[in-house]
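# Report on the structure
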There are 2 protein chains.
Amino acid sequence: PEPAGARALHAIKVIGAEPPHAVAPSAPLDEVLVEMANRRVDAALVLEGARLVGILTSVDACRLLGQRLAAARRRPA
Amino acid sequence: PEPAGARALHAIKVIGAEPPHAVAPSAPLDEVLVEMANRRVDAALVLEGARLVGILTSVDACRLLGQRLAAARRRPA
């Protein structure tokens, strides 16, 4: 039988993983988010040179937007 | 050979699709977004009774948050 690792790699290939979207730590958050939406990707990798220093996901965007809208609702302009 | 339709259904089963997260049109957007983040789902189906009237996705959340942050950056409080 195929080893588990080989199966996992095969599965990722089938799903068609794209090259990750990478941004610098200095990238403006608003531009990163709009670019994620335009590319329809779920995550942006924050790279300092070749070092991974963070991951921004669409789950983060849902939570942050939800929190901001909730705050705006409690305290209308 | 297996018909294409059967293969597609099989693939969806393998990936492990969960029951969709459904909300009413009257649901507050902030609560829907936080709940999407808590459940780590990418979409909420907007159902009016049994009728699908909309889909809110995490891509929408990325775009909307990006636009709001960009507007706030142009016009600081």
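Up top is the structure these notes are about.
The present account deals with the structure reproduced in this document. (Residues numbered from 1 in each chain as written. Chains lettered and ligands numbered in written order. Predicted model: local features only at pLDDT ≥ 70, side-chain atom pairs only at ≥ 80, totals over all residues. Heavy atoms only, no water.)

## What about helix α3 (residues 58-74) of chain A?
This is how the line gets drawn: Note on conventions: DSSP H or I runs of at least 4 residues are helices, E runs of at least 2 residues are strands, and numbering of each starts at the N terminus. Expected helix span is computed as 1.5 Å times (number of residues minus one). In this description, contact between two residues means that some pair of their heavy atoms is separated by no more than 4.5 Å.
For α3 of chain A, built from 17 residues, the straight-helix expectation of 24 Å at 1.5 Å per residue is met to within 8% by its first-to-last C-alpha distance of 24 Å. Each element contacted by the buried residues of α3 of chain A is listed here: α2 (29-39) and β3 (51-57) of chain A together with α2 (29-39) and α3 (58-74) of chain B.

## Some details on the relation of the copies chain B and chain A
Short version of the rule: To line up the copies, we fit them by least squares on C-alpha atoms, keeping just the residues with pLDDT of at least 70 in both.
You can overlay chain B on chain A at an RMSD of 0.0 Å; the transform is a turn of 180° with a shift of 0.0 Å along its axis. The two molecules are tied by a two-fold rotation axis, judged by turn and shift. Comparing interface residues between copies, 100% of those in chain B also sit at the interface in chain A, which points to an isologous, same-surface contact.

## Focus on the interface of chain B and chain A
The test is simple: Buried area: the sum, over both parts, of the accessible surface (1.4 Å probe) that disappears when the two are put together. Salt bridges are counted wherever a side-chain nitrogen of Lys or Arg sits within 4 Å of a carboxyl oxygen of Asp or Glu. In protein, a polar contact requires one atom able to donate a hydrogen and another able to accept it; more generally it is a pair of N or O atoms within 3.5 Å, and residues adjacent in sequence count only if both atoms are side-chain atoms. Basically, the charged four are Asp, Glu, Lys and Arg, the nonpolar ten are Ala, Val, Leu, Ile, Met, Phe, Trp, Tyr, Cys and Pro, and anything else, Gly included, counts as polar.
On the chain A side, the residues contacting the 24 residues of chain B number 24 residues. Contact between chain B and chain A buries roughly 2,300 Å² in total, counting both sides, with carbon and sulfur atoms accounting for 66%. Linking chain B to chain A there are four salt bridges. In this structure, the salt-bridge partner of Arg-73 of chain B is Glu-31 of chain A, at a minimum N-O distance of 3.4 Å. Where chain B meets chain A, there are seven residue pairs in polar contact (both at pLDDT 80 or more). Sorting the residues of the side of chain B that touches chain A by element identifies α2 and α3 of chain B as the ones contributing at least two each. Looking at which element gives the most residues to the side of chain B that touches chain A, the answer is α3 of chain B, with 13 residues. Class assignment for the residues of the side of chain B that touches chain A results in 13 nonpolar, four polar and seven charged.

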